[in-house]
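# Chains, contacts and geometry: an overview
Below, each chain spelled out in residue letters.
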Amino acid sequence: MLPFLFLTNLQSDGEASKTFVRDFCTISSLPYTLFEVGANNGKWSREFIKFCQRKSKMVFMFEPNPAFKSSLTDIVNKYRNVEYIPRIAWLNNDTYPFYIGKNSETSSIVKKMSERYGIKDTIYVNSTDIRSYIRRNTHIFMKLDIEGGEYELLSHLMTDRLLCRLDYLLIEWHLNAMPRQHRLSCLGLRWYLNFHVKTICKRSLPRIYHSEYDGNNIGAIVPGLAEEYDKRIKLQTYKWNRV
């Protein structure tokens, strides 16, 4: 494995994505199973297969948006050991509303995320319990980009201690997609995650990489954050009066 590391402000698109994948595949020695959760058009999976070559054991692409069916099917037909799952990677096998954004990259199970650029359509798609995939695979590299759904999904994976079964986890955060009243809790989860895996995963620590694109995480109001800051400052500066 690569050295234990929490990497912040990693951008997972474009040239930075290629550089990251190339460096990862160069340094790593084991064959890895890729879970691309929120695969979009599959560009990231293509890069992983291209650069990792024999180090790519299996690739699972989870993408419920039917607009990407053609490009993802093309990847399946072109490469070996690739599976396309046209479902929401979630916590059960059910049906959910899925909001298609006018911006192709903002379609989500989280309505507020799609509303940021306007909702083009609402469809109903099936979900699959990703926990079953995690339990029956090893040496997992998970790229998680589900447009605001990461907070709820990660909460359950943490409770079930399934993050300990991952080797690498690349998360794209979308704080601005969350309702204002939930943002402080979501921000807390993001900053608690590293401590959680270090505390819970005693034998095998996943390597966590944080992708925090400014447009998805900066500039939105986080109710309660300023109040918490003021409270901590007051506690630091408070002086006890001698009796």
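Data block above holds the structure.
Because the structure is a prediction, the values reported are computed rather than measured. (Residues numbered from 1 in each chain as written. Predicted model: local features only at pLDDT ≥ 70, side-chain atom pairs only at ≥ 80, totals over all residues. Heavy atoms only, no water.)

## Digging into the overall build of the protein chain
We apply this condition: Here a helix means four or more residues in a row that DSSP labels H or I, a strand means two or more in a row labelled E, and each is numbered from the N terminus. Think of it in three bands: residues with accessible area under 20% of the maximum for their type are buried, residues over 50% are exposed, and the middle band is partly exposed, with areas taken using a 1.4 Å probe on protein chains only. Only heavy atoms enter the contact rule, under which two residues are in contact if any of them lie within 4.5 Å.
Across its full length, the protein chain carries nine helices and ten strands. For the protein chain, buried positions account for 48% of its 243 residues. Within the protein chain, contacts between residues separated by at least 24 positions form 72% of all contacts whose residues are at least 6 apart in sequence.

## Description of the pattern of salt bridges
Proximity of charged atoms lets side chains of opposite charge pair with each other. What counts here: Any Lys or Arg side-chain nitrogen found within 4 Å of a carboxyl oxygen on Asp or Glu counts as a salt bridge.
Across all of its chains, the model carries six salt bridges by this definition. In this structure, the salt-bridge partner of Arg131 is Asp129, at a minimum N-O distance of 2.9 Å. By relative accessible area, Arg131 is classed as buried at 16%. For Asp129, a relative accessible area of 15% gives the class buried. When the shortest N-O distance is used, the salt bridge between Glu212 and Arg190 registers 2.7 Å. Of this pair, Glu212 sits in the loop between β10 (207-211) and α8 (214-217) while Arg190 sits in helix α7 (residues 183-200), and the two are 22 residues apart along the sequence. A relative accessible area of 16% means that Glu212 is categorised as buried.

## Examining the packing of helix α6 (residues 150-159) against α7
Put simply, the rule reads: Axis angles are defined between N-to-C directions and span 0 to 180 degrees, where every axis is a line fitted to C-alpha atoms and, for a helix, only to the segment in contact. The sense of a crossing depends on the near helix, which, turned anticlockwise from the far helix by less than a right angle, makes the crossing left-handed and, turned clockwise, makes it right-handed.
One can describe the packing of α6 onto α7 by two numbers: an axis separation of 11 Å at closest approach and a directional angle of 35°. In this structure, α6 crosses over α7, and the sense of that crossing is left-handed. For the pair α6 and α7, contact is made by Tyr151, Leu154, Ser155 and Met158 and by Cys186, Leu189, Tyr192, Leu193 and His196, respectively.

## Quick word on unusual backbone geometry
Backbone geometry places His139, a non-glycine residue, at a positive phi of 50°. Along the chain, His139 falls in the loop between α5 (130-135) and β8 (140-144). Its relative accessible area of 30% is what places His139 among the partly exposed residues. Non-glycine residue Glu147 carries a positive phi angle of around 50°. Topologically, Glu147 is positioned in the loop between β8 and α6.

## Section: the sheet that holds strand β7 (residues 119-129)
Under the convention used in this document: Between any two strands, at least two bridges found by DSSP are needed for them to pair.
Strand order across the open sheet formed by three strands is β5-β7-β6, with mixed pairing between neighbours. With partners counted over all chains shown, the strands left at the sheet margins are β5 (88-90) and β6 (95-101), one partner each. This sheet shows a mean twist of 45° between the axes of neighbouring strands, independent of strand direction. Sheet analysis places β5 next to β7, joined by three bridges and oriented parallel. Residue pairing in the sheet places Trp90 in a bridge with Asp129 of β7.

## Re the state of the cysteines
Cysteine pairs can be covalently joined through their sulfur atoms, and such a bond is termed a disulfide. To keep things clear, this is the line we draw: Disulfides are defined in this document as cysteine sulfur pairs within 2.5 Å.
Considering all chains together, one arrives at two disulfides under this definition. Across the disulfide, Cys25 is cross-linked to Cys52 (sulfur-sulfur distance 1.8 Å). The sign of the S-S torsion, about -65°, decides the handedness of the disulfide formed by Cys25 and Cys52: left-handed. Residue Cys25 is found in helix α1 (residues 14-27), and its partner Cys52 is found in helix α2 (residues 43-52); the two are separated by 27 residues along the sequence. Side by side, Cys25 and Cys52 carry an identical accessibility label, which is buried. Cysteine pairing for the protein chain, with bonded cysteines counted in sequence order: 1-2, 3-4.

## Examining the side chain of Glu63
Keep this limit in mind: Positive: Lys, Arg. Negative: Asp, Glu. His and the chain ends are not part of the count. By the criterion applied in these results, polar contacts are pairs of N or O atoms within 3.5 Å in which, for protein atoms, one can donate a hydrogen and the other can accept it, and in which residues neighboring in sequence qualify only through two side-chain atoms.
Checked against the element boundaries, Glu63 lands in the loop between β3 (56-62) and α3 (69-78). Among buried charged residues, Glu63 stands out as having no salt bridge; its nearest opposite-charge side chain is Lys143, 8.9 Å away. At 3.2 Å, the side chain of Glu63 and the backbone nitrogen of Ala39 are in polar contact. At 2.7 Å, the side chain of Glu63 and the backbone nitrogen of Asn40 are in polar contact. Here Glu63 is in contact with Gly38, Ala39, Asn40, Phe68, Leu72, Tyr84, Ile85, Pro86 and Arg87, once residues within four sequence places are set aside.

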